[in-house]
Amino acid sequence: MSDKGSTYLDKILAAKRAELAAPRATRSGALTDRELLELGARLPRPRDFIGALREGPRPGIIAEFKRASPSAGALREGADARQIAMLYAAGGATCMSVLCDKHFQGSLDDLRTVRQSVALPLLAKDFILEKTQIVEAKRVGADCVLLIVAALPAPQLRNLIEFSHSLEMQVLCETRDEAEIDRAMAAGAKLIGVNSRDLQTFELDPDRAAKLRKYVPKSFTYVAESGVRSIDDALRLRDSGADALLIGSYFMTAEHPGEALRELVMAL
Ligand SMILES: O=P(O)(O)OC[C@@H](O)[C@@H](O)c1c[nH]c2ccccc12
């Protein structure tokens, strides 16, 4: 891909900025920081996403609802968020992730549907650039939000982490190298993800999450994100010391997503 040097991530972020700049129907669109905090604080208290990963069997599985991806196209025709969520819960997922961005054919409505269907802690998987998005994610029932280090300058990253924490929401801070891991930890993240897929090119480096494990102290919770395509892949990541595995496509493309998940959980 990459016309004129712009990457997948650049394009998705540009689209997200345009979306955020457009007049919004939601109530939180034009609020001050203080009003946002007040609004967000009144919403129901989130579940303990990190606690579930640390207390459950290791590694915990964060099973992702993902209709499509820019690199692979549609993963599951007509995927139903409620049905998949119930299969994931019954199959033994520790937590769930729901893709909310339109480039993945996702939406906040999917997250709301999943929240109404299962009691698992939920991650809002979106490209978050501002506080309104965190309040909106909380409003539809997210317990944790994704913040991508490569998408956020350091002060903004710290600010969004603090804001999430003040709403009692947790943050999965996504990184791709040692420098980004350092930035995530310095910004106050407790849950650190390493994405084995490069969001600039969507290329997969299957060993990345295992290789970078050593840069994150055990007091943090470490998530290996993307690229699990077999039970062997999951076992390798377990053996590298990942606390949790974030898996989408493998389950979404399985004939029986709940069975594929159950088999994987049994093997770990
Ligand atoms: O489908 P996979 O390879 O199992 O990957 C899941 C998840 O890690 C991936 O969807 C993801 C990780 N970080 C992201 C950031 C934005 C969008 C998507 C992602």
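The shown structure was predicted, so the numbers you read here are calculated from the model rather than taken from an experiment. (Residues numbered from 1 in each chain as written. Predicted model: local features only at pLDDT ≥ 70, side-chain atom pairs only at ≥ 80, totals over all residues. Heavy atoms only, no water.)

Q: Hey, could you run me through the pairing of strand β7 (residues 170-175) in this one?
A: Residues in a regular strand project their side chains so that they alternate between the two faces of the sheet. The buried fraction of β7 is high, at 6 of 6 residues. Burial of the side chains of β7 extends over both faces: Q170, L172 and E174 are buried on one face and V171, C173 and T175 on the other. In the sheet, strand β6 (residues 144-148) pairs with β7 via 5 bridges, with the strands oriented parallel. Bridging from a neighbouring strand, C144 pairs with Q170 of β7. Once you follow β6 into helix α7 (residues 154-166) and on to β7, the crossover reads as right-handed. (Buried < 20%, exposed > 50% of the residue type's maximum accessible area, 1.4 Å probe, protein only. Helix = DSSP H or I, 4+ residues; strand = E, 2+ residues; numbered from the N terminus. Pairing = 2+ DSSP bridges. Right-handed = clockwise from strand over helix to strand, strands pointing away.)

Q: Is there a simple way to explain the confidence of the model for the protein in this structure?
A: Of the residues in the protein, 96% have a pLDDT of 70 or more, and the chain-wide mean is 94. Interface scoring of the predicted complex returns ipTM 0.99; its pTM is 0.96. (pLDDT = per-residue confidence, 0-100.)

Q: Is there a simple way to explain the site of the ligand in this structure?
A: Taken together, 16 residues lie around the ligand, and E64, K66, E174, S226 and S249 are the ones closest in. A distance of 3.1 Å separates a nitrogen atom of the ligand from a polar side-chain atom of N195. A distance of 3.1 Å separates a nitrogen atom of the ligand from a polar side-chain atom of E225. Against a free-state accessible area of 440 Å², the protein chains account for coverage of 97% of the ligand. (Near = heavy atom within 4 Å. Polar contact = N/O pair within 3.5 Å; in protein donor to acceptor, adjacent residues only side chain to side chain. Areas by Shrake-Rupley, 256 points an atom, 1.4 Å probe, with all protein chains shown as cover.)

Q: Would you mind showing me how to read the nonpolar core here?
A: Buried together is how nonpolar side chains tend to be arranged in soluble globular proteins. Y88, M96 and F251 are the most contacted members of the largest nonpolar core, which has 91 residues in total. In this view, Y88 contacts A63, E64, F65, A93, M96, G248, F251, M252, P257 and L261; residues no more than four positions away in its chain are not counted. (Core = buried A, V, L, I, M, F, W, Y, C linked by side-chain atoms within 4.5 Å. Contact = heavy atoms within 4.5 Å.)

Q: Just to check I follow, could you spell out unusual backbone geometry for this structure?
A: With glycine set apart, most residues show a phi of negative sign, and most peptide bonds adopt trans. The residue after R58, namely P59, is reached through a cis peptide bond having omega -15°. Considering the arrangement of structural elements, one finds P59 in the loop between α3 (49-55) and β1 (60-65). In this structure, F202 takes a positive phi of about 65° despite not being glycine. With respect to the helices and strands, the residue F202 is situated in the loop between β8 (191-195) and α9 (208-211). Its identity is not glycine, yet S226 carries a phi of approximately 75°, on the positive side. Structurally, the position occupied by S226 is in the loop between β9 (221-225) and α10 (231-239).

Q: Looking at this structure, I do not really get the sheet that holds β6. What am I missing?
A: Paired through backbone hydrogen bonds, the strands of a sheet run either parallel or antiparallel to each other. The 8 strands are arranged β1-β4-β5-β6-β7-β8-β9-β10 in a closed barrel whose pairing can be described as parallel. Each neighbouring strand pair of the sheet contributes to a mean axis angle of 25°, computed without reference to strand direction. Inspection of the sheet shows strand β4 (residues 95-99) paired to strand β5 (residues 122-125) by 4 bridges, in the parallel sense. Of the residues in β5, the one forming a bridge with L99 is K125. (Axes fitted to C-alpha atoms, helices over the stretch in contact; angles between N-to-C directions.)

Q: In this structure, what is going on with the pairing of β8? I would like to understand it.
A: Most of β8 sits out of view: 5 of its 5 residues are buried. Side chains L191, G193 and N195 of β8 all project onto a buried face; the interleaved residues I192 and V194 project onto the opposite face, where all are buried too. Here 4 bridges tie β7 to β8, and the two strands are oriented parallel to one another. Considered in β8, the bridge of T175 is made with V194. Viewed along the sheet, the connection from β7 through helix α8 (residues 178-186) into β8 turns out right-handed.

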